Structure formats: C-alpha cells, structure tokens
Amino acid sequence: LLFFFSKGADGTIPQQLGQLTNNLVSLNLQDNKLEGEIPSSFQDLVSLESLRLYNNELTGEVTAELCLLKYSHKLSYLAVDCQSELECECCDKCY
C-alpha cells in the first residue's frame, strides 16, 4: 500500500513510481497538486487493486494499457479527475 494523499505534493508523477514493485496493491495519490500525464509505467503494476488519482491537475488520458489492468488483472477501483483535462473510459469514479 502506498498512501500519499492530501500532502500538498506537486509536480509530475515520476515514471519510476510504476517500476517500484509489482506487488503494490493500492496507490492513493489523490488530493494533491500533481500535474502532467499518468506515467505509462503504471501499466506494469499488475497487482494493483485500487488506484486513486483524483483532485489533482493531471492531463491526457488513462491509456488503454492501464485500462487493461481492470479487465485482465486485479484492478477493481480506478478513480481520476475525468471532468478536467483527463479522459477515462474505464474509470469507476470520475470527479
């Protein structure tokens, strides 16, 4: 589990975060000031069950590869800021 929400973190999400471990079950980065795109390395987090990225300033889209985690792996909850600059076709919750 990695909880880093409401900490006032800013900047981009490092690509290396998706490479930390493939045993990460929950990643909570909501309620910060993160910007930029969701790292493509997140698609490698095959043990991830929950990903919460909402209430940030992320842009781009949730990639098809990341959506595949919902359909072919354990990811059961995905929440982002869909109503801002981020598009998501497979999210459970859009803020």
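Everything that follows concerns the structure shown earlier in this document.
Since the structure is predicted, the reported quantities are computational estimates derived from the model, not experimental observations. (Residues numbered from 1 in each chain as written. Predicted model: local features only at pLDDT ≥ 70, side-chain atom pairs only at ≥ 80, totals over all residues. Heavy atoms only, no water.)

Draft legend 1. Just the pattern of salt bridges, in detail. Taken as a whole and judged by the stated rule, the model has 1 salt bridge. Here Asp-92 and Lys-70 are joined by a salt bridge, their closest N and O atoms 2.8 Å apart. Taken together, the residues span a long stretch of sequence, with Asp-92 in the loop between strand E8 (85-87) and strand E9 (93-94) and Lys-70 in helix H1 (residues 64-72) at a distance of 22 residues. Judged by relative accessible area, which is 39%, Asp-92 ranks as partly exposed. (Salt bridge = Lys/Arg side-chain N within 4 Å of Asp/Glu carboxyl O. Helix = DSSP H or I, 4+ residues; strand = E, 2+ residues; numbered from the N terminus. Buried < 20%, exposed > 50% of the residue type's maximum accessible area, 1.4 Å probe, protein only.)

Draft legend 2. Seen up close, a negative patch on the surface. Residues Glu-37, Glu-61, Glu-65, Glu-87 and Glu-89 make up a contiguous surface patch of negative charge. Position of Glu-61 among the secondary structure elements: in strand E6 (residues 57-61). (Patch = residues over 30% accessible without salt bridge, like charges linked within 9 Å, V, L, I, M, F, W, Y side chains within 5 Å. Areas by Shrake-Rupley, 256 points an atom, 1.4 Å probe, with all protein chains shown as cover. Lys, Arg positive; Asp, Glu negative; His and termini not counted. Charge placed at Lys NZ, Arg CZ, Asp CG, Glu CD.)

Draft legend 3. Focus on unusual backbone geometry. In the Ramachandran plot, Asp-31 falls in the positive-phi region, its phi being about 60 degrees despite a non-glycine side chain. As for its position among the elements, Asp-31 is in the loop between strand E3 (26-28) and strand E4 (33-36). The backbone phi angle of Asn-55 is positive, close to 60 degrees, even though this residue is not glycine. If you trace the backbone, Asn-55 turns up in the loop between strand E5 (50-52) and E6. For Asn-55, a relative accessible area of 37% gives the class partly exposed.

Draft legend 4. Layout of the environment of Asp-44. Structurally, the position occupied by Asp-44 is in the loop between E4 and E5. By relative accessible area, Asp-44 is classed as partly exposed at 44%. Each C-alpha atom, one on Asp-44 and one on Leu-66, is 8.4 Å from the other, the two residues being 22 residues apart in sequence.

Draft legend 5. Structural context of the state of the cysteines. This structure, assessed with the given rule, holds 2 disulfides. Disulfide partner of Cys-88: Cys-91, at an S-S distance of 1.8 Å. Sign of the S-S torsion, about 100 degrees for the bond between Cys-88 and Cys-91, identifies this disulfide as right-handed. Across the pair, Cys-91 and Cys-88 agree in class, each one buried. (Disulfide = S-S within 2.5 Å.)

Draft legend 6. The nonpolar core, seen in detail. One finds Phe-42, Val-62 and Val-80 to be the most contacted residues of the largest nonpolar core, which totals 26 residues. Mapped by element, the contributors of at least two residues to this core are H1 and strand E7 (77-80). If near-sequence neighbours (up to four positions away) are discounted, Val-80 is found in contact with Ile-38, Leu-53, Tyr-54, Val-62, Leu-86, Cys-88, Cys-91, Lys-93, Cys-94 and Tyr-95. (Core = buried A, V, L, I, M, F, W, Y, C linked by side-chain atoms within 4.5 Å. Contact = heavy atoms within 4.5 Å.)

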